[in-house]
Amino acid sequence: MLDRLKMMEARYNEINDLLMQPETAADVKKLTALSKEQKSLEKVVTLFHEQQKLEASIPDLKEMKKEADPEIVEMATMELEEAQKRLVEIEDEIKVLLLPKDPNDEKDVVVEIRGAVGGDEANIFAGDLFRMYTKYAESKGWKITVFDAMESDQGGYSNIQFKVSGESVYSFLKYESGGHRVQRIPVTEANGRIQTSIATVLVMPEAEEIDFQLEEKDLRIDTFCSSGPGGQGVNTTYSAVRVTYIPTGDFVACQIYRSQHENKATAMEILRTRIYERMLEEEAEKTGATRQSLIGHGERSEKIRTYNYPQNRVTDHRIGFTINRLDAIIDGKLDLVISELINEDQKRKLSSEEEIKL
């Protein structure tokens, strides 16, 4: 591990030197890539420096414990205990940072939420989930862009697709794919009985052209008149675009912009992401690999979480975690659950690493 840390430190210093060079500043693409790499190394290098400093202080503290002055001995003893305790913490933190990373963790995501089982109540709950993710994104400083939405008569959505952009979005939201079950008395239920409904969430890392390129020969582009913002009014120009991937029949429609060019680019982006996600899943099935994390990648059919309103309870079934803070979670305090999932995922990965070493 020491050799690896020294290599990371050397690379971090090299990047700092490169970033100070005029030719780097003139190359936006190179500057962005180096800045991103520097940031990925910064935390582990900072911890490594702290570790080295503490280790260097220990011999002196041990010598101070031999002094005749009891106050100096007491101070040295206290500082030595704190240094040794902090060294253990640093080692644990570094182990986590050195775990193999999901290559998609830094990416933006495309999310699709559907009302699945439960009719109008499932659609209403899909709307609640969208609001939850919107609030969560706001707390993280992320941006949400809605691509397409089919509103339900009773409220919520039968289907809504949106993009979440920001720092390391996928590393947090990748745990959200799967079936989300709600237990509550629906507003549509006259006799006040508790009903169970399900909405499904699909989180896909945004696919760039270097990941998967759509060939023009495999695409059919259709244009049509779009409705105005929020469905109000009618745009009489053919600015809305539907892009169909002929080999599979998958298609994406986009009408959020007034420009046909922008709508086409956005539709292509979503379609590329959707097809790339399917390719990754198929490849994982062939090789028997685990997608994304040891927690698992929730399929739409996999029930991952239950939201019980009468008991203000949320349970994540993958790790057996239950918390009576549903009101806070549905209001965007999603880290109450996601932090538990991340911690458990890291524990399992560490355990797996130890087994490999043995």
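- The protein chain appears in an unreviewed UniProt entry as Peptide chain release factor 1 from Anaeroplasma bactoclasticum.
- Entered under Sequence similarities (unreviewed entry) in the UniProt record, the comment concerning the protein chain runs "Belongs to the prokaryotic/mitochondrial release factor family."
- Reading the Subcellular location (unreviewed entry) entry of the UniProt record for the protein chain gives the comment "Cytoplasm".

### As for the overall build of the protein chain
Phase 1: A count of helices and strands for the protein chain gives 9 helices and 11 strands.
Phase 2: Sequence separation of 24 or more characterises 61% of the internal contacts of the protein chain that already satisfy a separation of 6 or more.
Phase 3: Per element, the accessible surface of the protein chain, about 19700 Å² overall, is 51% carbon and sulfur.

### Overview of the environment of Glu-262
Phase 1: Its place among the elements puts Glu-262 in helix α7 (residues 260–287).
Phase 2: Spatially, the C-alpha atom of Glu-262 lies 8.9 Å from that of Ser-239, the residues being 23 residues apart in sequence.

### Some remarks on unusual backbone geometry
Phase 1: Its identity is not glycine, yet Ser-168 carries a phi of approximately 55°, on the positive side.
Phase 2: With respect to the helices and strands, the residue Ser-168 is situated in the loop between β3 (157–165) and α6 (169–173).
Phase 3: Take Ser-168: its relative accessible area is 12%, and that puts it in the buried class.
Phase 4: Phi at Asn-312 is positive, roughly 50°, even though this residue is not glycine.

### Considering the pairing of strand β4 (residues 178–184)
Phase 1: Along β4, 7 of the 7 residues are buried, which leaves the element largely enclosed by surrounding structure.
Phase 2: Across 5 bridges, the pairing between β4 and strand β9 (residues 303–308) is parallel. Looking across to β9, one finds that His-180 is bridged to Arg-305.

### Focus on the confidence of the model for the protein chain
Detail in the predicted coordinates should be disregarded across regions flagged by low pLDDT.
Phase 1: Across the protein chain, pLDDT averages 84, with 87% of residues at or above 70.
Phase 2: This stretch, residues 228–235, has a pLDDT under 50; its non-local contacts, to residues over four places away or in other chains, come to 8 contacts.

### Structural notes on the sheet that holds strand β6 (residues 219–224)
Phase 1: Read across the sheet, 3 strands follow the order β6-β7-β8 without closing on themselves; strand pairing throughout is antiparallel. Each having just a single partner strand, β6 and β8 (250–254) make up the two edges of the open sheet. Neighbouring strand axes in the sheet, compared pairwise and without regard to direction, differ in orientation by 15° on average.

### Some details on helix α5 (residues 120–140)
Phase 1: Taking 1.5 Å as the rise per residue, α5 with 21 residues should run 30 Å; its terminal C-alpha atoms sit 31 Å apart, in good agreement.
Phase 2: Positive backbone phi, at 80°, marks Gly-141, one or two positions downstream of α5.

### Quick word on a negative patch on the surface
Phase 1: There is a patch of like negative charges on the surface, built from Glu-67, Asp-69, Glu-71 and Glu-74.
Phase 2: Position of Glu-74 among the secondary structure elements: in helix α4 (residues 70–97).
Phase 3: Overall, the relative accessible area of 53% leaves Glu-74 in the exposed class.

### Quick look at the side chain of Ser-171
Phase 1: Summarising the element assignment, Ser-171 is placed in helix α6.
Phase 2: With relative accessibility at 15%, the residue Ser-171 sits in the buried group.
Phase 3: Those residues within four positions of Ser-171 in sequence are excluded, and the remaining contacts are Asp-105 and Ile-342.

### Topic: the side chain of Glu-112
Phase 1: Note on placement: Glu-112 falls in strand β1 (residues 109–117).
Phase 2: Side-chain polar atoms of Glu-112 contact the side chain of Arg-274, separated by 3.3 Å.

Cut-offs applied
- Residues numbered from 1 in each chain as written.
- Predicted model: local features only at pLDDT ≥ 70, side-chain atom pairs only at ≥ 80, totals over all residues.
- Heavy atoms only, no water.
- UniProt positions renumbered as here; feature names shortened; annotations may be inferred.
- Helix = DSSP H or I, 4+ residues; strand = E, 2+ residues; numbered from the N terminus.
- Contact = heavy atoms within 4.5 Å.
- Areas by Shrake-Rupley, 256 points an atom, 1.4 Å probe, with all protein chains shown as cover.
- Buried < 20%, exposed > 50% of the residue type's maximum accessible area, 1.4 Å probe, protein only.
- Pairing = 2+ DSSP bridges.
- pLDDT = per-residue confidence, 0-100.
- Axes fitted to C-alpha atoms, helices over the stretch in contact; angles between N-to-C directions.
- Expected span 1.5 Å × (residues − 1).
- Patch = residues over 30% accessible without salt bridge, like charges linked within 9 Å, V, L, I, M, F, W, Y side chains within 5 Å.
- Salt bridge = Lys/Arg side-chain N within 4 Å of Asp/Glu carboxyl O.
- Lys, Arg positive; Asp, Glu negative; His and termini not counted.
- Charge placed at Lys NZ, Arg CZ, Asp CG, Glu CD.
- Polar contact = N/O pair within 3.5 Å; in protein donor to acceptor, adjacent residues only side chain to side chain.

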